[in-house]
Amino acid sequence: MRKILLAFMTTLAAVVSLFGYRTSTPHPVSVATSTVAAAGSGGTTTTDGGTTAATPAAPSTGAASSTVTGDVVQTRWGPVQVRITVASGKVTAASAVQVPSGNGRDAEINGYAVPVLDQETVSAQSASIDAVSGATVTSDGYVTSLQSALDAAGL
Amino acid sequence: MTTTTTTARRTWVEQVMGLPVSVTVRGPHAWADRTDGVVRAFYADLRQVDRTFSTYRADSEVSLLRRGALSRRLVSPDLGHVLDLCAQAKELTGGHFDAALPQPDGTRLLDPSGLVKGWAVERAAAALRALPDADWLVVAGGDVLGEATAGPAWRVAVEDPRDRSRTLCVLPLRRGAVATSGTAARGRHLLDPATGRPVADHLLSATVVGPSLTWADVLATAAFVEGPASLARVAGTSGYEALLVDPDGGCTGTAGLQQHLPVA
């Protein structure tokens, strides 16, 4: 059970880390949206509702950050929804805002996955990692919701 | 306001062949419609492969062949080619890679999946190679294939199998593949084709770097099954390097990878 959980959590972490490439930032990036926004020149805008509600942003617009939430995707474990924070065309934070519940596993997922996602995203950025090679992972809902968030962000 | 300019890059992610597969394109045309079309074609190619090779689809060619509903002599050129590659893989790895997978009941079942993923990604990536002025990177379920000729080398981290939120080291990738085999994501279900018994606990993961994803993937799978002795086998395969992680987290690598290994 835990292995399955680790597998799909790490999938997202690994996928998210692909976008964590932030050459324009001279200091460590914080996962906090407000900090990211403060590093740029603009405020934070929040767009909810995934692909239909969000206006795609140009790939390398200013340094303002925005938060984009992916579609809710049904998985065999339950509904999954991913939110990303984007600044300067890069993902600066990712988190699961909706995770499977009602099966007794939600506490474990919430307690484990979200910190890992944030940590993985940020550590990948600080090391300028483009990809992670690891044991085969499979996933469905997380990557789908993540993609819809990326689409909505214009990434 | 920062003045650093970053090269345009765009990333796509799709679930295909049961895996999350991402493509990153870096370069002045990363956001061009034509680039998007090429990447869409890449995914379409993978979906076509999945229809032929999936062991989860009852109507795939592989499933038909398994059931005896299709003669070996009548398979499509693609499946015939893959079966030939599987035979080469078995020879290259001393039988530690075998498409005739041992089953718990002692029988063997045709499953070329272990080779198909790398082969399919490599074949589909031919379209990405043809993109002008573009660097590209594909990550397919933990296996990586890429080319960086214009910009800096891609930085590919190797996951720490003891803690998958951490990485062991970072390998610069100009052109080629990085493939990792391990049980961290899938649980212990691998049987050694040479013995039909569960793979011994001698490694947590095996990573192989080399020019071809097909062969890096095959060598990594076989190395994980074979254990520490596989290091010499990979070292003897021209152009390929290996990194093995033992149960204590210790890393050993072939000569070409030593400089990238974490300091103990």
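To be clear, the structure that these remarks concern was listed above.
Predicted model, so just to flag it, every value in this text is computed and none were measured.

With that settled, the discussion passes to the overall build of chain A. A count of helical and extended segments in chain A gives 4 helices and 6 strands. For chain A, long-range pairs separated by at least 24 residues make up 60% of all intrachain contacts whose partners lie at least 6 apart in sequence. Total accessible area on chain A is roughly 5700 Å²; 54% of this is exposed by carbon and sulfur atoms.

Next up on the list: the nonpolar core. Residue and element names in this part refer to chain B. Counting 63 residues, the largest nonpolar core has F42 and L128 as its most contacted members. Looking at this core, the element that brings in the most residues is helix α6 (residues 213-226), giving 10 residues. L137, V158, C169 and L257 belong to the second largest nonpolar core, which has 19 residues in total.

Further remarks concern the side chain of S230 of chain B. All names here are of chain B. The topology assignment puts S230 in helix α7 (residues 230-235). Assessed through its relative accessible area of 1%, S230 is described here as buried. The residues contacting S230, other than those within four sequence positions of it, are A223 and L244.

Residues and elements named next belong to chain B. A sheet is described by the order of its strands in space; here 8 strands give the open sequence β1-β2-β5-β6-β9-β10-β11-β12, paired in antiparallel fashion. Only two strands of the sheet have a single neighbouring strand rather than two, namely β1 (9-16) and β12 (251-253). Between one strand axis and the next, the sheet turns through 10° on average, direction left out of account. Inspection of the sheet shows β1 paired to strand β2 (residues 19-26) by 8 bridges, in the antiparallel sense. Residue pairing across strands places W12 opposite V23, the latter belonging to β2. Strands β6 (143-147), β9 (175-182), β10 (205-210) and β11 (241-245) of the sheet are contacted by α6, whose axis makes an angle of about 25° with β9.

Residue and element names in this part refer to chain B. Here helix α3 (residues 77-92) crosses helix α4 (residues 113-124) at 120°, and the two axes come no closer than 11 Å. Taken together, the axes of α3 and α4 are oblique relative to one another. Here α3 runs over α4; the crossing is right-handed. Residue-level inspection shows D78, H81, V82, L85, C86 and A89 of α3 in contact with α4, the latter providing L115, V116, W119 and R123. Residues of the contact of α3 with α4, tallied by class, amount to 7 nonpolar, 1 polar and 2 charged.

Below, the discussion takes up the environment of A232 of chain B. All names here are of chain B. Turning to its location among the elements, A232 is positioned in helix α7. Looking at A232, the relative accessible area reads 57%, which means it is exposed. When the C-alpha positions of A232 and A242 are compared, they lie 9.3 Å apart, and in sequence the two are 10 residues distant.

All names here are of chain B. Interaxial distance between helix α1 (residues 33-53) and α4 falls to 9 Å at its minimum, and their mutual angle equals 145°. The handedness of the crossing between α1 and α4 comes out as right-handed. In contact with F42, D45, L46, V49 and F53 of α1, α4 contributes V116, W119, A120, V121, R123 and A124. Looking at the contact of α1 with α4 residue by residue, the class counts come to 9 nonpolar, no polar and 2 charged.

With that settled, consider unusual backbone geometry. In this model, D133 of chain B sits at a positive phi of 50°, which is unusual for a non-glycine residue. The residue D133 of chain B is located in the loop between α5 (126-129) and β5 (135-140) in this model.

Reading guide: rules and limits
Residues numbered from 1 in each chain as written. Chains lettered and ligands numbered in written order. Predicted model: local features only at pLDDT ≥ 70, side-chain atom pairs only at ≥ 80, totals over all residues. Heavy atoms only, no water. Helix = DSSP H or I, 4+ residues; strand = E, 2+ residues; numbered from the N terminus. Contact = heavy atoms within 4.5 Å. Areas by Shrake-Rupley, 256 points an atom, 1.4 Å probe, with all protein chains shown as cover. Core = buried A, V, L, I, M, F, W, Y, C linked by side-chain atoms within 4.5 Å. Buried < 20%, exposed > 50% of the residue type's maximum accessible area, 1.4 Å probe, protein only. Pairing = 2+ DSSP bridges. Axes fitted to C-alpha atoms, helices over the stretch in contact; angles between N-to-C directions. Parallel < 35°, antiparallel > 145°, perpendicular 65-115°, else oblique. Left-handed = near helix turned anticlockwise from the far one by under 90°. Nonpolar A, V, L, I, M, F, W, Y, C, P; charged D, E, K, R; others polar.

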